[in-house]
Amino acid sequence: MYEQYHPIGAVGVISSFNFPVAVWAWNAMIAMVCGDVVIWKPSSKTPLCAIAVHHIIQKVLKDNEIPAGVLNLVVASSSTLGDNFLADKRMPLISVTGSVKVGRHVARIVGERLGRTILELGGNNAIIISQYGNKEMALRGSLFGAIATAGQRCTTTRRLIIHDCMFDLFKTKLVKAYKQVKIGNPLKHFTIVGPLVDRSAVDAFLHAQEEVVKEGGKIIYGGQVLEGEGFESGCYVVPCIAEVENHFRIVQEETFAPILYLIRYKTIEEAIELQNSVPQGLSSAIFSKNIIETEKFLSHAGSDCGIANVNIATNGAEIGGAFGGEKDTGGGRESGSDAWKAYMRRQTNTINFGVELPLAQGIKFDVFEE
């Protein structure tokens, strides 16, 4: 008896987020390596990136004499593509990177036909800053985690859970670091923060700040929309830092923009509870040199996320591992040692090399006796 794997047939790769061109390109590559045909639909907000990547891959396919139809690009809105695509039984697997709302919609339609899904639906990622951690490393990691790609990554750091004894000091240093960040044209080598993808993203950024204040929080830095030469699009913002409580409704949501929430804690148990007390479960991190804390964080009693890092930010180099999350993040993994299995059909084979066929439970049939 042994097992073998066959191509599943066809895979639909869908993204409704603006950032993960690389993620759905990765999914497409795994699917093709497994022998599947791919139909991929990128976010309608980033069609040119998708076309550029598609041209690169098509050249690779052509150079290796692989038919062009193995990879197919559909540039359209999700509404234009239609639910008939999700309901089509010729698509055994649908892989989605997007919002929880989109993921639930896809899972319902695909699930009704007993199809498969891989869902990566964003995160509300937190870093625990312990009093036992390397403060400089924690500051660098928090800064990069929160503002890289202008806060438009599924693994962006959204919350900092900081020990009470160092909260004020760390906040002061963080604000000082934020003031040094260069905002502007992303094609300039000195730029750290580029624009948000569109005006709706800016509106969400501003709305989140309004909700913070309504719920009793405080904006302690940034949050403005930049104007003037170089900022004519209205999509450039100053990354925001807010002091909040973890239970605030807006903090429980993911705002896909550079807004960072600061939260106090007193014990590691409280910090882990705060980290886990959001609907999402993608990426998490702790900065600590205390092995009891770090082992607790990585244990079954620790982070409930699909990714848990120690002394590195939430947006590290995790694409080489099993990338994905738990809870409202959706489940399934887009890479890692056995992620390829999701893109294949599993088959168990038993071969009898003998000339007799013993039956289970000692049953015998004398069907050939005269």
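In this report, we go over the structure that sits alongside the text. (Residues numbered from 1 in each chain as written. Predicted model: local features only at pLDDT ≥ 70, side-chain atom pairs only at ≥ 80, totals over all residues. Heavy atoms only, no water.)

**Some thoughts on the sheet that holds strand β6 (residues 116-120)**
Thought 1: Ordered by their spatial adjacency, five strands build an open sheet running β4-β3-β2-β5-β6, and the pairing between neighbours is parallel. A strand with exactly one partner marks an edge of an open sheet, and here the two such strands are β4 (71-73) and β6. Ignoring which end each strand starts from, the neighbouring axes of this sheet average 15° apart.
Thought 2: Sheet analysis places strand β5 (residues 93-97) next to β6, joined by five bridges and oriented parallel. Along β6, the bridge assignment pairs Ser95 with Ile118.
Thought 3: Contacts from helix α2 (residues 47-63) reach β3 (37-41) and β4, with the element oriented near 160° to β4.
Thought 4: On the sheet, helix α5 (residues 100-112) packs against β5 and β6 and is oriented at approximately 175° with respect to β6. (Pairing = 2+ DSSP bridges. Helix = DSSP H or I, 4+ residues; strand = E, 2+ residues; numbered from the N terminus. Axes fitted to C-alpha atoms, helices over the stretch in contact; angles between N-to-C directions. Contact = heavy atoms within 4.5 Å.)

**Some remarks on the packing of helix α6 (residues 135-147) against helix α7 (residues 167-178)**
Thought 1: Running from amino to carboxyl end, α6 crosses α7 at an angle of 50°, the nearest separation of the two axes being 11 Å. Our classification of the angle between α6 and α7 gives oblique. Crossing handedness for the pair α6 and α7: right-handed. When α6 is examined against α7, the residues Lys135, Ala138, Leu139, Ser142, Leu143, Ala146 and Ile147 are found in contact with a partner set consisting of Phe170, Lys173, Leu174, Ala177 and Tyr178.
Thought 2: Residue composition of the contact of α6 with α7, grouped by class: nine nonpolar, one polar and two charged. (Parallel < 35°, antiparallel > 145°, perpendicular 65-115°, else oblique. Left-handed = near helix turned anticlockwise from the far one by under 90°. Nonpolar A, V, L, I, M, F, W, Y, C, P; charged D, E, K, R; others polar.)

**Section: α2**
Thought 1: Taking 1.5 Å of rise per residue, the 17 residues of α2 would be expected to cover 24 Å, and the 24 Å separating its terminal C-alpha atoms lies within 8% of that figure.
Thought 2: Residues of α2 that are buried include every one of Ala50, His54, Ile57, Gln58 and Leu61, and no others. For α2, the buried positions fall inside an angular range of 110° around the axis, keeping them on one side. Exposed positions of α2 whose direction lies more than 90 degrees from the buried face are Leu48, His55, Ile56, Lys59 and Asp63.
Thought 3: Note on α2: the residue one or two positions beyond its end, Glu65, has a positive phi of about 55°. (Expected span 1.5 Å × (residues − 1). Buried < 20%, exposed > 50% of the residue type's maximum accessible area, 1.4 Å probe, protein only. Arc of directions from axis to C-beta.)

**Examining the pairing of strand β10 (residues 240-243)**
Thought 1: By the alternation rule, side chains of β10 split into Cys240 and Ala242 and Ile241 and Glu243, which are all buried.
Thought 2: Note: strand β9 (residues 218-221) against β10, three bridges, orientation antiparallel. Opposite Tyr221, over in β10, you have Ile241 as the bridge partner.
Thought 3: Inspection of the sheet shows β10 paired to strand β11 (residues 259-265) by four bridges, in the parallel sense. Residue pairing in the sheet places Ala242 in a bridge with Tyr261 of β11.

**Quick notes on a nonpolar patch on the surface**
Thought 1: Taken together, the side chains of Leu357, Leu359, Ile363, Phe365 and Val367 make up a nonpolar region of the molecular surface, amounting to roughly 520 Å² of accessible area.
Thought 2: Turning to its location among the elements, Val367 is positioned in the segment after β16 (344-349).
Thought 3: Given a relative accessible area of 59%, Val367 falls into the exposed group. (Patch = residues over 30% accessible without salt bridge, like charges linked within 9 Å, V, L, I, M, F, W, Y side chains within 5 Å. Areas by Shrake-Rupley, 256 points an atom, 1.4 Å probe, with all protein chains shown as cover. Salt bridge = Lys/Arg side-chain N within 4 Å of Asp/Glu carboxyl O.)

**Describing helix α10 (residues 291-298)**
Thought 1: Inspection of α10 places Glu293, Thr294 and Phe297 among the buried residues, and these make up the whole buried set. Within α10, the buried residues cover an arc of 95° as seen down the axis, which keeps them to one side. Turned more than 90 degrees away from the buried face of α10, the exposed residues are Ile291 and Ile292.
Thought 2: Buried residues in α10 make contact with β7 (125-129), α9 (268-276), β13 (283-287) and β14 (307-310).
Thought 3: In this structure Asn290 caps α10, since a side-chain oxygen of it lies 2.9 Å from the backbone nitrogen of Ile292. (Polar contact = N/O pair within 3.5 Å; in protein donor to acceptor, adjacent residues only side chain to side chain.)

**Some points on the nonpolar core**
Thought 1: Residues Ile128, Ile129, Leu160, Tyr178 and Tyr261 are the most contacted members of the largest nonpolar core, which totals 55 residues.
Thought 2: Ignoring any residue separated from it by four or fewer positions in sequence, one finds Leu160 in contact with Ile127, Ile129, Ser142, Phe170, Leu174, Leu260, Tyr261, Leu262 and Ile263.
Thought 3: Within the second largest apolar cluster, 19 residues are counted, among which are Ile30, Val38, Ile57 and Tyr343. (Core = buried A, V, L, I, M, F, W, Y, C linked by side-chain atoms within 4.5 Å.)

**Points about the sheet that holds strand β8 (residues 157-163)**
Thought 1: One open sheet accounts for seven strands, arranged β9-β10-β11-β8-β7-β13-β14; its pairing is mixed. What marks the edges here is a single partner per strand, and that holds for β9 and β14. Within the sheet, the average angular offset between the axes of one strand and its neighbour, ignoring direction, is 25°.
Thought 2: As paired elements, β8 and β11 share five bridges and run parallel to each other. Residue pairing for β11: His163 is matched across the bridge by Tyr265.
Thought 3: Its contacts with the sheet put helix α8 (residues 199-214) on β9, β10 and β11, and the angle it makes with β11 is roughly 30°.

**Points about the pattern of salt bridges**
Thought 1: What the rule picks out here adds up to 17 salt bridges.
Thought 2: As a salt-bridge pair, Arg346 and Glu3 come within 2.7 Å of each other at their nearest N and O atoms. Taken together, the residues span a long stretch of sequence, with Arg346 in strand β16 and Glu3 in strand β1 (residues 2-7) at a distance of 343 residues.
Thought 3: Residue classification places Arg346 among the exposed positions, given a relative accessible area of 51%.
Thought 4: For Glu3, a relative accessible area of 44% corresponds to the partly exposed category.
Thought 5: Residues Arg249 and Glu253 are paired through a salt bridge, measuring 2.5 Å at the closest nitrogen-oxygen approach.
Thought 6: Arg249 sits in the partly exposed class, given a relative accessible area of 40%.
Thought 7: Owing to a relative accessible area of 34%, Glu253 belongs among the partly exposed residues under this scheme.
Thought 8: Several salt bridges converge on common partners, so that one network encompasses Asp164, Asp168, Lys171, Glu243 and Arg264.

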